[in-house]
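# Close look at the chain arrangement
Now for the letters of each chain:
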Amino acid sequence: MINYLATQNYYMPIIAPSLLSADFLDLQRDCDMINNSEADWFHLDVMDGRFVPNISFGPMLVEFFRKSTQKICDVHLMIEEPGNFAEAFKNAGADNLTVHIEACPHLHRNIQQIKSLGMKAGVAVNPHTSVEQLKDILADIDLVCMMSVNPGFGGQKFIPYTIEKIKTLRRMIDERSLNVLIEIDGGVTLDNAASIIAAGADVLVAGNTVFKSSDPAKTISQLKNIA
Ligand code: DX5
Ligand code: ZN
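All values derive from a computational prediction rather than experimental measurement.

Time to look at the coordination of the zinc ion (ligand 2). Summarising the metal site, the zinc ion (ligand 2) is bound by the protein donors H43 (NE2), D45 (OD), H76 (ND1) and D185 (OD), whose distances to it range over 2.0 to 2.3 Å. Coordination at the zinc ion (ligand 2) comes from six donor atoms whose angles at the metal span 69 to 171°, giving a geometry best classed as octahedral. Positions of the donor residues of the zinc ion (ligand 2), expressed as sequence spacing, correspond to H-x1-D-x30-H-x108-D.

See the structure below:
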């Protein structure tokens, strides 16, 4: 018998609200909202004021988020020398740990460290970094976080040429039948999400679009069902 569900061209993205845009005076409410929504992951943005021109939070807060949810904690490190902190984020409860290619002269070592600690390993690329630079590391990682804004702040505008980069990366992954998720981070909206998915993305990070909307849980549902 033909399984029509399996044959139809319908794909539901993983939705990862970025808590950077949450209300830090009311985090319990925002965590509860995500927990009761169709969101899949908590996206947690760690910034050091050196790799990016902003400072956010570290392992201590990740530990609080970990206690507040059963969902995947997807930790995006925008920091220099992330190897010094991998163990602290593991202990804080991170499931996925993503480091920036631009911050890691010994990227392979960083990835091995993350995996040996029992986390999924991600590599993030800034808008100007070509996806071809991922060719050699691609088979060793679980996720590529493709920045569609310059990292450091929520609420920025999606950089349009990211769409071509997604298509290129999708081809690189599919040609080798690799099991690597493409996550798009920055400026994702209800207007551009469908074209981001159509280009080949698997995971949508959304900060402002979710938290500045009048009904965040509904916005998450709309993103989830956008294709
Ligand atoms: C940017 C962060 C993003 C950010 C996304 O440096 O990595 O995760 O919070 O926020 P929006 O969706 O508002 O662009
Ligand atoms: Zn992020």
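Moving on, we come to the packing of aromatic side chains. Taken as a whole, this structure holds three aromatic pairs when the rule is applied. Both rings, one in F24 and one in F57, keep their centres 6.1 Å apart while their planes meet at 40°; by these two values the pair is tilted. Of this pair, F24 sits in the loop between strand 1 (14-17) and helix 2 (27-35) while F57 sits in the loop between strand 2 (41-47) and helix 3 (59-68), and the two are 33 residues apart along the sequence. Assessed through its relative accessible area of 39%, F24 is described here as partly exposed. On the basis of relative accessible area, F57 is assigned to the buried category, the value being 11%. A ring pair is formed by F42 and F65, whose centres lie 6.4 Å apart and whose planes are at 65°; its orientation type is edge-to-face. With F42 in strand 2 and F65 in helix 3, the pair connects residues that are 23 residues apart, well separated along the chain. Taken as a pair, F42 and F65 share a single burial class, namely buried.

The residue P151 is located in the loop between strand 6 (143-147) and helix 6 (162-175) in this model. Overall, the relative accessible area of 11% leaves P151 in the buried class. Spatially, the C-alpha atom of P151 lies 7.9 Å from that of G186, the residues being 35 residues apart in sequence. Each residue touching P151, except ones within four places of it in the same chain, is listed here: V52, P53, M78, H100, N126 and P127.

Attention now moves to helix 5 (residues 107-116). Taken as a whole, helix 5 has its buried residues at L107, N110, I111 and I114. Buried residues of helix 5 fall within an arc of 95° about the axis and therefore sit on the same side. Seen from the buried face of helix 5, the exposed residues on the opposite side, beyond 90 degrees, are R109 and S116. Elements that come into contact with the buried residues of helix 5 comprise strand 4 (96-100) and strand 5 (120-125). One or two positions beyond helix 5, positive phi appears at G118, with a value near 90°.

Calculation notes
- All residue numbers refer to positions counted from 1 along the written sequence of the respective chain.
- In the order they appear in the text, chains get letters beginning with A and ligands get numbers beginning with 1.
- The predicted nature of this model means local features are confined to residues of pLDDT at least 70 and side-chain atom pairs, given and counted, to a pLDDT of 80 or more, with totals for whole chains, interfaces and linings taken over all residues.
- Side-chain descriptors were evaluated using all non-hydrogen atoms of the structure, hydrogens and water having been removed beforehand.
- Excluding water, the donors of a metal are its N, O and S neighbours within 2.8 Å, or within 3.2 Å for Na, K and Ca, and that exclusion means sites may look incomplete.
- For four-coordinate sites, all angles between 85 and 135 degrees define a tetrahedron; for four- and six-coordinate sites, opposite donors beyond 155 degrees with the remaining angles between 65 and 115 define square planar and octahedral shapes respectively, and all other cases count as irregular.
- Between rings of Phe, Tyr and Trp, where Trp is taken as its six-membered ring, a pair exists when centres lie within 6.5 Å; planes separated by under 30 degrees are stacked, by over 60 edge-to-face, and by other angles tilted.
- Helix and strand labels come from DSSP, where a helix needs a run of H or I of at least four residues and a strand needs a run of E of at least two; each type is numbered from the N terminus.
- For every residue, the accessible area (1.4 Å probe, protein chains only) is compared with the maximum for its type, and the residue is labelled buried under 20%, exposed over 50%, or partly exposed between those bounds.
- Any pair of residues with heavy atoms lying within 4.5 Å of one another is described as a contacting pair.
- The arc in question is traced by the directions running from the helix axis to the C-beta atoms.

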